[in-house]
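Analysis of the macromolecular model
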Amino acid sequence: MAFVGRSNVGKSSLINRLIDRNGMARTSSVPGKTQTLNYYNIESLLYFVDVPGYGYAKVSKAARAKFAAMIEAYLSARQELRGVVQLVDARHAPSPDDVSMYQYLKYYHLPVLVVGTKVDKTSRSQRNKVLRTLSQGLELNQTDSLILFSATTGEGKDAVWQWLEAAANI
Ligand code: GTP
Ligand code: MG
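Residues numbered from 1 in each chain as written. Chains lettered and ligands numbered in written order. Predicted model: local features only at pLDDT ≥ 70, side-chain atom pairs only at ≥ 80, totals over all residues.

A closer look at unusual backbone geometry
In this model, histidine 109 sits at a positive phi of 55 degrees, which is unusual for a non-glycine residue. Position of histidine 109 among the secondary structure elements: in the loop between helix H3 (96–107) and strand E5 (112–117). If you check the backbone angles, lysine 118 has positive phi at about 60 degrees while not being a glycine. With respect to the element layout, lysine 118 can be found in the loop between E5 and helix H4 (127–137). (Helix = DSSP H or I, 4+ residues; strand = E, 2+ residues; numbered from the N terminus.)

Concerning the environment of lysine 121
Relative to the assigned elements, lysine 121 resides in the loop between E5 and H4. Taking C-alpha positions, lysine 121 is 19 Å from glycine 137, a pair spaced 16 residues apart along the chain.

With respect to the site of ligand 1
The full set close to ligand 1 counts 24 residues, and Gly10, Ser13, Thr27, Thr34 and Gly53 are the nearest of them. When its residues are assigned to classes, the shell around ligand 1 shows four nonpolar, 15 polar and five charged. (Near = placed C-beta within 6 Å. Nonpolar A, V, L, I, M, F, W, Y, C, P; charged D, E, K, R; others polar.)

Description of the sheet that holds strand E3 (residues 46–50)
Spatial strand order, E2-E3-E1-E4-E5-E6: six strands in an open sheet with mixed pairing. Both outer strands of the open sheet, strand E2 (38–42) and strand E6 (145–148), are each paired with one neighbouring strand and no more. Taking the axes of each pair of neighbouring strands and ignoring which way they run, one obtains an average angle of 25 degrees across the sheet. Pairing of strand E1 (residues 2–5) with strand E4 (residues 84–89) involves four bridges; the strand directions are parallel. Its bridge partner lying in E4, glycine 5 is registered against leucine 87. (Pairing = 2+ DSSP bridges. Axes fitted to C-alpha atoms, helices over the stretch in contact; angles between N-to-C directions.)

Overview of the nonpolar core
Ranked by internal contacts, the top residues of the largest apolar core, which has 33 residues, are Ala2, Phe3, Leu14 and Val115. Alanine 2 has contacts with Val49, Val51, Leu75, Leu81 and Val84, leaving out every residue within four places of it along the chain. (Core = buried A, V, L, I, M, F, W, Y, C linked by C-beta atoms within 7 Å. Buried ≥ 20, exposed ≤ 12 C-beta atoms within 10 Å, placed from the backbone. Contact = placed C-beta atoms within 7 Å.)

Some words on the pairing of E6
Across four bridges, E5 lies against E6 in parallel orientation. If you follow valine 115 over to E6, its bridge partner there is isoleucine 147. Where the polypeptide runs from E5 across H4 and back to E6, its parallel neighbour, the crossover connection is right-handed. (Right-handed = clockwise from strand over helix to strand, strands pointing away.)

Topic: the environment of glycine 156
Tracing the backbone shows glycine 156 in the loop between E6 and helix H5 (157–168). Accessibility expressed as a C-beta count within 10 Å gives 20 for glycine 156, which makes it buried. Separated by 41 residues in the primary sequence, glycine 156 and valine 115 have C-alpha atoms spaced 8.9 Å apart. Residues within four places of glycine 156 in sequence aside, it is in contact with Ile147, Leu148, Phe149 and Ser150.

Observations concerning the environment of valine 4
Positionally, valine 4 belongs in strand E1. Taking the number of C-beta atoms within 10 Å as the measure of exposure, valine 4 has 25 and is therefore buried. Counting along the chain gives 94 residues from valine 4 to aspartate 98, while the straight-line C-alpha distance between them is 9.6 Å. For valine 4, the contacting residues outside a window of four places in its chain are Val51, Val84, Gln86 and Met101.

Here we look at the pairing of E5
Looking along a regular strand, one sees side chains alternate from face to face of the sheet. Of all six residues in E5, six are buried; the element is thus mostly enclosed. Side-chain alternation along E5 places Val112, Val114 and Gly116 on one buried face and Leu113, Val115 and Thr117 on a second face that is also buried. You can see the chain leave E4, run along H3 and come back into E5, and the turn it takes is right-handed.

Following this line, the structure appears as structure tokens:
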């Protein structure tokens, strides 16, 4: 299972929360923390793959192109890949990079779960609006999966696990 999303969106934090081990996947308030594909063996049932974030402005164009090529090669060719969790920030409309990534994943027919994260930073009364903004921005259809999540409170954790188990068939 691969975890993709903009730099600093919370991919490593989501992985830590799913396995309840803080510090397992390294997190940082500074974007660009995860620089390579990091594999986490989950009880020998599956691997979580923490993918470097996209859209990080402070790396050189050449480095960004290299990252993009590596990530695209991985996502398009890795036979073992069972699904992809794409994280987007629940506070904002998806960015053009988010939309491109989503379309890319769909193009390769990968099962995708969209996770709207940092939802603890929005009020409860905004949940439906947040869901609408994300699903309209990414042009999701009825069969696509979208879950709101917070690494801080654990909201959405069980729902994400359910999706992962179904997609990985475990
Ligand atoms: P890169 O490795 O740079 O691509 O970033 P990442 O997507 O792995 O993000 P990371 O998990 O390192 O989190 C970035 C920052 O966001 C950290 O300061 C986290 O504490 C914070 N953060 C992550 N998830 C949440 C969340 O659900 N709620 C809140 N309030 N903060 C979060
Ligand atoms: Mg990271």
